[in-house]
Structure formats: C-alpha cells, structure tokens
Amino acid sequence: MQAKEKDYKFTSGLSQWIIGFLEEKHRLGYKYEREYFELKNLDRFSIDYNCMDRLPRELVLAWTQRQANHSPQTIRSKVNLIRQLAMFMSRNGCEVYLYPSSMIPKKTYEHIPYIFSHDEVRRVFKTIDSLSPSCFSVRRHLIFPLLFRLLYCCGLRVSEALNLRVSDIDFEHGVIFIHDAKDYRDRLIPLNQDLCQRCMNYQGTCIIELNPEGYFFPAPDGLTYHILQSVKRSGISSGTAAFHTEDEMLGRASMT
C-alpha cells in the first residue's frame, strides 16, 4: 500500500491532511486501499476550492452529490469517507463542514436470501462427490468435495475459502485462521473432528509437496475455481438460488 501511495503525489490544499489521515488509519491497522484511491479523486476534485487548512461546505456537498451512475452505496461510502477526513481535520484544529449523519442515504437490502431445502443440499453434494478428474483439473474430484463442505459447515465466504493458505489451517487444534476478513478483521473458525480429519487427509493426498504459504485449494492455472458450475449441474438454477455474487454462494446458505 505504501508503494502505491508513492506513485501518486497529493497536490491540493488538502494534501497534508489526506496524507496525515491515511497515516493515522494505517497506524490503527486499517489497510484503507479502496479509500486511498477515493481520496486521490477527492484531492483532484478539491483543487478548484480553497481548502488550505479547511474543508468547506461547498466542496463537501459538491463531492458527495449523487451522479447518474452513482448508487446509494457509492454515495454512502463517499459521505462516510469525507466525514472521517473532516473529523480528523477538526481534531487538528481545522475549520470543517461535517456532512450531517441524518442526510446519509439509508442502507437498503434488495437481495432476498435463498434457503436450500434438504433435497437441494443433498443434490449439490451428490453432484460434487461424483466429480471425476479431467485433463484440465486432475484434482478437482478431491478439491471440490472438501471446498464445498468448508463453505457449508463453516460459513466461509467463497473468496475466503479459495484464498486459504496451507498454513492457515491448524490441524492440531482444529482451527482455520481467516486473514483480513470483512471490515479488515481476522477471525478463527473451528472445525469439527470429521471435517478436520477430511482436511488432513486432503493435505496428505493433494498438497504435501506445497510450501506452507501455497494455496490450500490451488487451481491448475493458479487462479480461482468457478464453483457456480457445480451448483448448476445439480439442477438448481443460479437465478432461482439468487447466486449473484461470490458472497451469496453456499457459504451463506442455510437449511430449513
């Protein structure tokens, strides 16, 4: 992240405050990578405003004004970011306009969760367990059954499971370590005895030759697997099951 920051020199009257703000967030343990790029946009946007040691109302309102291509989530993110910057500047004696919290677009939930039936769960695992090796993926029949069981039993997000490293699984204590999860937090996921044994058997069969920092579920090309296809083969429509994003895959499904 620090290397990326060197690639861009903040040039507006807000430059010293943006840099100081980022440094504070990094000291507190936040990556602030997405926010860094948004702050670059703010720096360019604010050049035409008088921002020397101040964050004027006209700038805040102009920058957070909703455009045709902006979703409520985008506006909410921009508002929260500039509010954080304003509070940092205010603590350091600057004159700022703090965007009123009452004006922040409300968060809405449009996704309707899909609840798998017992039969659908059985069909998914029957399909997964019946996979055979292919010339494109000689280990898929070993990887997918365990991958789906981790998603289903542990509530992992798909990206979390696919990004697991060999060293992230503590077989002695039966625990998975998730790095930099949602909101930049680490978390520990317990494994039951059966699933822990499956992971140990898989490691002994598939990845014993890999170094501890290698991927636990390595795809042949080094990229991630497209596991949605396995759900489709089980006869469950991706549209019906409302699988629109990785986070909405089996890792977040539940049984009735």
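Residues numbered from 1 in each chain as written. Predicted model: local features only at pLDDT ≥ 70, side-chain atom pairs only at ≥ 80, totals over all residues. Heavy atoms only, no water.

Visitor: Now, about the overall build of the protein chain: what can you tell me, with residues and values included?
Guide: The number of helices and strands found in the protein chain is ten helices and five strands. Expressed as a percentage of the 256 residues in the protein chain, the buried residues total 41%. Long-range pairs, those at least 24 residues apart, make up 62% of the contacts in the protein chain with a sequence separation of at least 6. If you sum the accessible surface of the protein chain, you get close to 15000 Å²; carbon and sulfur atoms cover 50% of it. (Helix = DSSP H or I, 4+ residues; strand = E, 2+ residues; numbered from the N terminus. Buried < 20%, exposed > 50% of the residue type's maximum accessible area, 1.4 Å probe, protein only. Contact = heavy atoms within 4.5 Å. Areas by Shrake-Rupley, 256 points an atom, 1.4 Å probe, with all protein chains shown as cover.)

Visitor: Mind laying out unusual backbone geometry, listing which residues take part and the relevant values?
Guide: Look at Tyr-32: it is not a glycine, yet its phi comes out positive at around 55°. Counting through the fold element by element, Tyr-32 comes out in the loop between helix 2 (15-27) and helix 3 (33-45). Here Tyr-32 falls in the buried class, since its relative accessible area comes to 8%. At Asp-53, a position not held by glycine, the phi torsion is positive, near 60°.

Visitor: I'd like a rundown of the packing of aromatic side chains, residues and numbers included.
Guide: Per the counting criterion, the structure on display carries 13 aromatic pairs. When the centroid spacing of 5.9 Å and the interplanar angle of 55° are considered together, the rings of Phe-21 and Phe-88 count as tilted. With a gap of 67 residues between them, Phe-21 in helix 2 and Phe-88 in helix 5 (residues 72-91) connect regions that are remote in the sequence. Assigned by exposure class, Phe-21 and Phe-88 land together as buried. Aromatic side chains Phe-125 and Tyr-152 sit 5.6 Å apart centroid to centroid with 80° between the ring planes, which places their arrangement in the edge-to-face category. Here Phe-125 is found in helix 6 (residues 118-129), whereas its partner Tyr-152 is found in helix 7 (residues 140-154), with 27 residues between them in sequence. Using a relative accessible area of 22% as the deciding quantity, one classes Tyr-152 as partly exposed. (Phe/Tyr/Trp six-rings, centres within 6.5 Å; stacked < 30°, edge-to-face > 60°.)

Visitor: An account of the confidence of the model for the protein chain is needed here, citing residue identities and associated values.
Guide: Confidence in the prediction of the protein chain, expressed as mean pLDDT, is 80, and 79% of residues score 70 or more. Within the model, pLDDT remains below 50 along residues 1-6, and this stretch shows ten contacts once partners closer than five positions in the same chain are excluded. In this model, residues 238-256 is a region of pLDDT below 50 whose contacts with residues beyond four sequence positions or in other chains number 45 contacts. (pLDDT = per-residue confidence, 0-100.)

Visitor: Any chance you could break down the packing of helix 6 against helix 7 for me, citing the residues and the numbers?
Guide: Each packed pair of helices is defined by two parameters, the angle between the axes and the distance between the axes. At their nearest, the axes of helix 6 and helix 7 sit 8 Å apart, and the two run at 155° to each other. Regarding the angle of helix 6 to helix 7, the classification is roughly antiparallel. Relative to helix 7, helix 6 is oriented so that their crossing is right-handed. Every residue of helix 7 that contacts helix 6 at Val-121, Val-124, Phe-125, Ile-128 and Asp-129 is listed here: Phe-144, Pro-145, Phe-148, Arg-149 and Tyr-152. Within the contact of helix 6 with helix 7, the residues separate by chemical class into eight nonpolar, no polar and two charged. (Axes fitted to C-alpha atoms, helices over the stretch in contact; angles between N-to-C directions. Parallel < 35°, antiparallel > 145°, perpendicular 65-115°, else oblique. Left-handed = near helix turned anticlockwise from the far one by under 90°. Nonpolar A, V, L, I, M, F, W, Y, C, P; charged D, E, K, R; others polar.)

Visitor: Explain the environment of Ser-130 to me, and be specific about the residues and the numbers.
Guide: Looking at the element boundaries, Ser-130 is found in the loop between helix 6 and helix 7. Of the residues examined, Ser-130 reaches a relative accessible area of 54% and is grouped as exposed. With 15 residues separating them in the primary sequence, Ser-130 and Pro-145 have C-alpha atoms 9.0 Å apart. At 3.1 Å, the side chain of Ser-130 and the backbone oxygen of Lys-126 are in polar contact. In terms of polar contacts, Ser-130 uses its side chain to reach the backbone carbonyl oxygen of Thr-127, at 2.9 Å. (Polar contact = N/O pair within 3.5 Å; in protein donor to acceptor, adjacent residues only side chain to side chain.)

Visitor: Outline the pairing of strand 4 (residues 175-178), listing residues and values.
Guide: Residues Ile-176 and Ile-178 line the buried face of strand 4, whereas the alternating positions Val-175 and Phe-177 sit on a face that is not buried. Where strand 3 (residues 169-170) meets strand 4, two bridges bridge the pair, whose relative direction is antiparallel. Following the sheet pairing, Ile-169 is matched in strand 4 by Ile-176. The antiparallel hairpin formed by strand 3 and strand 4 contains four residues in its connecting segment, where Gly-174 sits at a positive phi of about 65°. (Pairing = 2+ DSSP bridges.)

Visitor: Mind laying out the packing of helix 7 against helix 9 (residues 193-206), listing which residues take part and the relevant values?
Guide: Running from N to C, helix 7 and helix 9 point in directions that differ by 155°, and their axes come no closer than 11 Å. As summarised for this structure, helix 7 and helix 9 are arranged roughly antiparallel, according to the angle between their axes. Relative to helix 9, the crossing made by helix 7 is left-handed. Along the contact surface, helix 7 presents Leu-142, Ile-143, Leu-146, Arg-149, Leu-150, Cys-153 and Cys-154, while helix 9 presents Leu-195, Arg-198, Cys-199, Tyr-202, Thr-205 and Cys-206. Each residue belonging to the contact of helix 7 with helix 9 can be placed in one class, and the counts come to ten nonpolar, one polar and two charged.

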